[in-house]
Amino acid sequence: MPPPADIVKVAIEWPGAFPKLMEIDQKKPLSSIIKEILYLFQLLNQHEDDNYSVENLGILCYKSLGYSAQNAQQLHERIQSSSMDAKLEALKDLANYSRDVTFAQEFINLDGISLLTQMVESGTDFGDMLSFTLTAFVELMDHGIVSWDTFSVAFIKKIASYVNKFASDISILQRSLAILESMVLNSHDLYQKVAQEITIGQLIPHLQGTDQEIQTYTIAVINALFLKAPDDKRQSNLCDFLIQWHSLQSIFPLQHVIRAQRAINNEMAHQLYVLQVLTFNLLEDRMMTKMDPQDQAQRDIIFELRRIAFDAELEPNNSSGSIEKRKSMYTRDYKKLGFINHVNPAMDFTQTPPGMLALDNMLYFAKHHQDAYIRIVLENSSREDKHECPFGRSSIELTKMLCEILKVGELPSETCNDFHPMFFTHDRSFEEFFCICIQLLNKTWKEMRATSEDFNKVMQVVKEQIMRALTTKPSSLDQFKSKLQNLSYTEILKIRQSERMNQEDFQSRPILELKEKIQPEILELIKQQRLNRLVEGTCFRKLNSRRRQDKFWYCRLSPNHKVLHYGDLEESPQGEVPHDSLQDKLPVADIKAVVTGKDCPHMKEKGALKQNKEVLELAFSILYDSSGQLNFIAPDKHEYCVWTDGLNALLGKDMLSDLTRNDLDTLLSMEIKLRLLDLENIQIPDAPPPIPKEPSNYDFVYDCN
């Protein structure tokens, strides 16, 4: 049961004690609530006089809180001590106490922030003393009481120098990076000053260490500089950073951490996510740039795509061919390339997104994966028009889809830490990502045997394949490609089927009851199919213990299901064998049992066959009379299941083969879905609706007579 509305749970902090969770009854008087708080923190003995007034209890609380002001005053004096040991101890205490907002307010009121900045600017402190000073500064500023705009250039230069000098003290470097990040994020003026003192190139070496905290803070500063930079400078900074990032790939410890995704804390994951978003945002300009059909440089890219695909030399102006003939040739080739506008393909790239980004991807694929590009274009151009997968249109729609999946152009979320390690392993990761996905699209198109009318359906399946592969967080592009190979169209259909069957609606009580009701009908249908197959009959091979002989025998059930007809054959028949040509008969009523595998008499007798696992799995026998037996070895697993099921059905036993289970699941699922078509998007209740009471009279019934 939910707690009463008057009871609230409150987390309470007290200086020098662990925070505690307390239930407070709002109906109680204030004096009782304060007493309970004091009892909770053992500030008031429960055996003391209970006749405390609200005023007295308030005074007690005030005295306890007043400790912060007194302590702040003392520490303000102690950190200015001439004794180095006393000063070090005072700074250590200050770093601890600064986490408390009450103490921080009191210390800041004493102009404590200015005192700390002066100590940093003087440059006289070092080692642990400087580390505690910077720690206290970070803790005090985190409360948001003082504006970041109040700091001098001298202070910024000093903090930047601790980063540029590659300080041996990890704690000093870590605090300095944290201060620079906060400065950049919280003040535009400070961003400009920090950007003058420190560059991306000076931060990169800090990523080569093994300390994850330093790596995290370094990436955080890099992200902050990117976020606050003007658009033009942001792009150049990001490009420079990516070049340096991948130039260090072979000796980059962080790269291995990202690939393995081990020991990555939430903060580093968030910073890598932000970096990933910023990197992809480099593509935004190209994504939102429309192609100018009159721009010759852009048109040359399309000519290059045609040349690579068809190895065609552009004809000179004085060619003997007419202009009309050349136009006709270009139109034919552009149609083969899959453009919507065959006359002027540049018009296909006027839509944003994806704009020119799609053309960039196509050119990259054509140049860096030339064999795959030519194969896809020629393969599709040789198909019928309705069955071809248009490369141009597919590339444009795929690029648009990838931008949506990776949220290209969107600002990073403050809380998200969902990054993909594989995008940090290649300097052209988005283009390579496209190359893998365009080949997937062509493969899925063939698997679906799609036509031009199925284009949107294919794109939906491809999107699902990509999304499912990305959820596994592949550590490299090769691993991503491997994941996609296991997500064929057939596998996607199986996954969808499994997910639908596992949906809550399919496990609800009414659905389960419906399954129980229709299952006997489905089993009867399967039984009839098995018996019909036995009536058709099957040709079996005869085996001995030494080698397979080319001798055959045939067995079939009579149409009235009462007799098994069987007999030897000289060769494998081309169709059904008539009953009258089979010499031997076995009445079904004489069958005592059906045994399989090791229990079969012919498997016990012949040792060589007993050791052959493949044969053992296909063996079954009919036992009749006292010692009579009819031994079978099925040609394949399917026939084995059909015959064992059919014989068990004749004997009134359950059909237990894997084939029956699969058929039952498939047919039961189809029947359930057909019966529920009219209830789509309607919530099915767990319990049946109540039966209404009988009416007081039946006068409303119409008398037909």
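All of these numbers come straight from a predicted model, not from anything done at the bench.

By size, the foremost hydrophobic cluster in this structure holds 68 residues, and its most contacted members are Y373, L398, F433, I466 and F480. Top element by residues in this core is helix α21 (residues 429–448). It accounts for 11 residues. Non-local contacts of L398, meaning those with residues more than four positions away in its chain, are made with F434, C437, I438, L441, M459, V462 and I466.

The next thing to look at is empty space enclosed by the protein. If a probe the size of a water molecule is rolled over the atoms, the empty space left behind becomes visible. Inspection of the entire model under this criterion finds one cavity of 30 Å³ or more. Roughly 30 Å³ of volume is contained in the largest cavity. Lining the largest cavity we find I376, N380, C389, P390, F391, S394, I438, L441 and N442. Secondary structure elements with two or more residues in the lining of the largest cavity: α19 (370–381), α20 (391–405) and α21.

Turning to the pattern of salt bridges, a few remarks are in order. Taken as a whole, this structure holds 18 salt bridges when the rule is applied. The closest approach of N and O atoms between E139 and R99, which form a salt bridge, is 3.8 Å. Highlighted residues: E139 in helix α6 (residues 127–141) and R99 in the loop between α3 (84–97) and α4 (101–109), separated in sequence by 40 residues. A salt bridge links R306 to D333, with the nearest nitrogen and oxygen atoms 2.8 Å apart. Of this pair, R306 sits in helix α16 (residues 296–310) while D333 sits in helix α17 (residues 323–336), and the two are 27 residues apart along the sequence. Taken individually, R306 and D333 each receive the classification buried, so the pair is uniform in this respect. Among the charged side chains, a salt-bridge network with shared partners connects R306, R332 and D333.

Rules and cut-offs
Residues numbered from 1 in each chain as written. Predicted model: local features only at pLDDT ≥ 70, side-chain atom pairs only at ≥ 80, totals over all residues. Heavy atoms only, no water. Core = buried A, V, L, I, M, F, W, Y, C linked by side-chain atoms within 4.5 Å. Buried < 20%, exposed > 50% of the residue type's maximum accessible area, 1.4 Å probe, protein only. Helix = DSSP H or I, 4+ residues; strand = E, 2+ residues; numbered from the N terminus. Contact = heavy atoms within 4.5 Å. 1 Å grid on protein atoms, 1.4 Å probe; cavity = no way out; pocket = protein on both sides within 12 Å on 5 of 7 lines; lining within 4 Å. Points joined across faces, edges and corners; volume = space filled by probe spheres on them. Salt bridge = Lys/Arg side-chain N within 4 Å of Asp/Glu carboxyl O.

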